[in-house]
Amino acid sequence: MADGRPLIVVSNRGPVSYGLDADGRRSARRGGGGLVTALRSLVSHHEVTWIASAMSHEDRLVSREAGGEAIEETARDGSPYRLRLVEHGTAEFDWYYNVVANPVLWFLQHYLWDFAYRPDLDQGLHHAWNEGYVTVNRAFAEAVSAELDARPEATVFFHDYHLYLAPRLVREAHPEAALAHFVHVPWPQSDYWYVLHEPIRVAIHDGLLANDVVGFHTARWQRNFLRSAADLTDAHSSFSQASATLDGHRTLVTSHPISVDAAEFDELAGSPDVLAAEEEIEARRPERLVLRVDRTDPSKNVVRGFRAFERYLETHPEAHGRVGMLALLDPSRQDIPEYSEYMGAIQRTARGVNDRFQRAGWTPIDLQIRDDFAQTVAAYKQYDVLLVNAVFDGLNLVSKEAPLVNERDGVLVLSENTGAHDELGEWALSVNPFDLDGQADAIHRALELPAAERRRRLECIRAHVREHDLRAWIEAQLADFDRVASVTRA
């Protein structure tokens, strides 16, 4: 892989979001979400044009002032990149994001539906698909095509479930374009896709199969995609060659677990904001601290995690007053009813546990719902047990970030349904995310492990993440594409 190649990175959320500071001047704030965090270092090593949705009011003004064209931006480390913000109509974006992408695709891909009651696929979904999801994907495809007109040699790197249709639209406009798509969420078994109407499920698979490379975090999701591509389209899937061929076009289907920038977390751990937040945590923490860091998303399984901690307290009265849980939760997608309802369930469950067990000077669950990255990194340094019990997760970056900076030989309790489990499971305590007693037992076991064993497990995770870092992940993606390109040229 040669550094400095031209890349067009395409994601719904961008690396920065614009707003106004206290003096009314435009300022750029770090973009949120694990995907953006992971991809930011791309700009340090390559010639990047990043295409993303104009999310805020100020984003839209920036886009209009640039006439919809790309502007020059600078990353945190001083690396230059180009940013092209795509403005969408308010209604179209709402249908795309709040009706299709999250309540439907996210729920489907994380196995979140209770089929006896949900989903109900009505005319509203068809309208949101045609007037929202298709429309927004077309706008992204047009922006990509415009960039390819100027730089046809660039590799286009699509990301995630928001943009399944865009690759086919770009392929039609630029048949020779170099297209790759990384899916950061689980890929369910093919039967699950039959919940959706045939035109929708076929369009999703067809769009992805327009790429030269489609990537997933684990072989589990990779295999599921190869199977569903064969079951739902006319594609021929070769499991031995990890490829799917549709209408003569061959798509390489790969698995590479994403990672984090270890150097960034080393720097953050000693930053003034993190040290100040850590001082507050140390002043309030109990003797032993169980930590969870999540979004308030049903897939993260927060409610069961609280109930599992309640089971732990039930069976271990000696832990009362000594062991507490700090839950740092980022409020997520509150415009969507399912998410706001789950937020309420989180708050009710925490309150129930606290009402039952708290006593003077000790609150079992310290629930804090806000976006505070400095506080998160500070808590990473302080945990004795890190609970990651997701129902399903494409990977889960928290399980990789936190051990890098932890200073208490903290033990990772990890759901077997996270993509990260394939990498870190041998050094974590594995749990079934639906088994409350199993999770309670894992918390107890983690707290009781001998110090040397705790240290060994943490150091093994830390060494693995440092070796298989974000740059290694990026290089693996581009090496896959180079392999496809060399076969095509031959």
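To be clear, the structure that these remarks concern was listed above.
Let me begin by describing the structure that accompanies this report. Computed from a predicted model, the values in this text were never measured in an experiment.

Our focus in this paragraph is the sheet that holds strand β18 (residues 429-431). Pairing in this open sheet of 6 strands is parallel, and the strands run β15-β14-β13-β16-β17-β18 from one edge to the other. Either end of the sheet is taken by a strand with one partner, and the two such strands are β15 (365-369) and β18. In this sheet, neighbouring strand axes are inclined to one another by 20° on average, regardless of whether the strands run parallel or antiparallel. Sheet topology places strand β13 (residues 288-295) next to strand β14 (residues 323-330); 8 bridges connect them, and they run parallel. What sits directly across from Arg288, in β14, is Val323. The strands that helix α14 (residues 373-382) touches are β13, β14 and β15; relative to β13, the one it contacts most, it runs at about 145°.

Scanning the model with the defined rule gives 19 aromatic pairs in all. Taken together, the aromatic side chains of Phe93, Tyr96, Tyr97, Trp129 and Tyr133 make up a single cluster linked through ring pairs. Between Arg333 and the ring centre of Trp106, over which it is positioned, the NZ or CZ distance is 4.5 Å.

This part covers the environment of Thr315. Within the secondary structure, Thr315 is located in helix α12 (residues 302-315). At 3.3 Å, the side chain of Thr315 and the backbone oxygen of Tyr312 are in polar contact.

Now for the sheet that holds strand β9 (residues 213-216). Across the sheet, which stays open at both edges, the 10 strands sit in the order β5-β6-β4-β1-β7-β8-β9-β12-β11-β10 with mixed pairing between neighbours. On the outer flanks of this sheet lie β5 (71-74) and β10 (236-238), each paired with one strand and no other. The average angle at which neighbouring strand axes cross in this sheet is 25°, direction not considered. The sheet contact formed by β10 and strand β11 (residues 243-246) spans 3 bridges and is antiparallel. Along β11, the bridge assignment pairs His236 with Thr245.

What follows concerns empty space enclosed by the protein. Here the structure, examined in full by the defined rule, presents 2 cavities of 30 Å³ or more. As a volume, the largest cavity reaches approximately 70 Å³. Taken together, Thr155, Phe157, Ala180, His181, Phe182, Val213, Gln477, Leu478 and Phe481 make up the full set of residues lining the largest cavity. When contributions to the lining of the largest cavity are tallied by element, the ones reaching two or more residues are β7 (155-159), β8 (178-182) and α19 (470-489).

To continue, consider the layout of surface pockets. Its volume calculated, the second largest pocket comes out at about 750 Å³. As for the second largest pocket, its lining consists of 28 residues, and the residues nearest its centre are Phe107, Leu112, Trp113, Arg118 and Glu338. Only α4 (90-109), α5 (123-150), α12 and α13 (337-357) provide two or more residues apiece to the lining of the second largest pocket. In terms of residue class, the lining of the second largest pocket is built from 16 nonpolar, 4 polar and 8 charged.

Another point: the environment of Gln109. Along the chain, the position of Gln109 falls in helix α4. Expressed as a C-alpha distance, the spacing of Gln109 and Phe392, which sit 283 residues apart in the sequence, is 8.6 Å. Residues contacting Gln109, with those up to four places away along its chain left out, are Tyr161, Tyr164, Val183, Val185, Pro186, Trp187, Pro188 and Trp193.

We now examine the pairing of strand β17 (residues 411-415). Counting buried positions over the 5 residues of β17 gives 5, a clear majority of the element. Burial along β17 is two-sided: Val411, Val413 and Ser415 facing one way and Leu412 and Leu414 facing the other are all buried. Following the backbone out of strand β16 (residues 385-388), through helix α15 (residues 398-405) and into the adjacent parallel β17, one traces a crossover that is right-handed. One ladder, built from 3 bridges, connects β17 with β18; its direction is parallel. Bridging across to β18, Leu414 finds its partner in Ser430.

As a further point, take the environment of Ser399. Along the chain, Ser399 turns up in helix α15. For Ser399, a relative accessible area of 0% puts it in the buried group. Spatially, the C-alpha atom of Ser399 lies 23 Å from that of Leu108, the residues being 291 residues apart in sequence. For Ser399, the contacting residues outside a window of four places in its chain are Leu386, Val388, Leu412, Leu414, Ala420, Leu424 and Ile461. One polar contact links the side chain of Ser399 to the main-chain carbonyl oxygen of Asn396, over a distance of 2.8 Å.

Our next topic: the pattern of salt bridges. For the structure shown, the criterion picks out 39 salt bridges. We note a salt bridge from Asp372 to Arg370, for which the minimum N-O separation is 3.7 Å. The exposure class assigned to Arg370 is partly exposed, which follows from its relative accessible area of 40%.

With that settled, consider the packing of α14 against α15. Between α14 and α15, the least distance of the axes is 7 Å, while the angle of their chain directions is 65°. Classified by the angle their axes make, α14 and α15 are roughly perpendicular. Both α14 and α15 take part in a crossing whose hand is right-handed. Contacts between α14 and α15 involve Val377, Tyr380 and Lys381 from the former and Val398, Glu401, Ala402 and Val405 from the latter. When the residues that make up the contact of α14 with α15 are grouped by side-chain class, the tally is 5 nonpolar, no polar and 2 charged.

A few words on α15. Each turn of an α-helix holds 3.6 residues, which means side chains three or four residues apart point in the same direction. Among the 8 residues that make up α15, 8 are buried, leaving the element largely enclosed by the rest of the structure. Those residues of α15 that sit buried are Val398, Ser399, Lys400, Glu401, Ala402, Pro403, Leu404 and Val405.

This next bit is on the pairing of strand β1 (residues 6-10). In terms of burial, β1 is largely enclosed, as 5 of its 5 residues are buried. Burial of β1 is two-sided: the residues Pro6, Ile8 and Val10 facing one way and the residues Leu7 and Val9 facing the other way are all buried. Sheet analysis places β1 next to strand β4 (residues 47-53), joined by 5 bridges and oriented parallel. Following the sheet pairing, Pro6 is matched in β4 by Glu47. By the bridge criterion, 4 bridges tie β1 to β7 in an arrangement that is parallel. Bridge pairing in β7 links Val9 to Phe157.

Parameters at a glance
- Residues numbered from 1 in each chain as written.
- Predicted model: local features only at pLDDT ≥ 70, side-chain atom pairs only at ≥ 80, totals over all residues.
- Heavy atoms only, no water.
- Pairing = 2+ DSSP bridges.
- Helix = DSSP H or I, 4+ residues; strand = E, 2+ residues; numbered from the N terminus.
- Axes fitted to C-alpha atoms, helices over the stretch in contact; angles between N-to-C directions.
- Contact = heavy atoms within 4.5 Å.
- Phe/Tyr/Trp six-rings, centres within 6.5 Å; stacked < 30°, edge-to-face > 60°.
- Lys NZ or Arg CZ within 6 Å of the ring centre and 35° of its normal.
- Polar contact = N/O pair within 3.5 Å; in protein donor to acceptor, adjacent residues only side chain to side chain.
- 1 Å grid on protein atoms, 1.4 Å probe; cavity = no way out; pocket = protein on both sides within 12 Å on 5 of 7 lines; lining within 4 Å.
- Points joined across faces, edges and corners; volume = space filled by probe spheres on them.
- Nonpolar A, V, L, I, M, F, W, Y, C, P; charged D, E, K, R; others polar.
- Buried < 20%, exposed > 50% of the residue type's maximum accessible area, 1.4 Å probe, protein only.
- Right-handed = clockwise from strand over helix to strand, strands pointing away.
- Salt bridge = Lys/Arg side-chain N within 4 Å of Asp/Glu carboxyl O.
- Parallel < 35°, antiparallel > 145°, perpendicular 65-115°, else oblique.
- Left-handed = near helix turned anticlockwise from the far one by under 90°.

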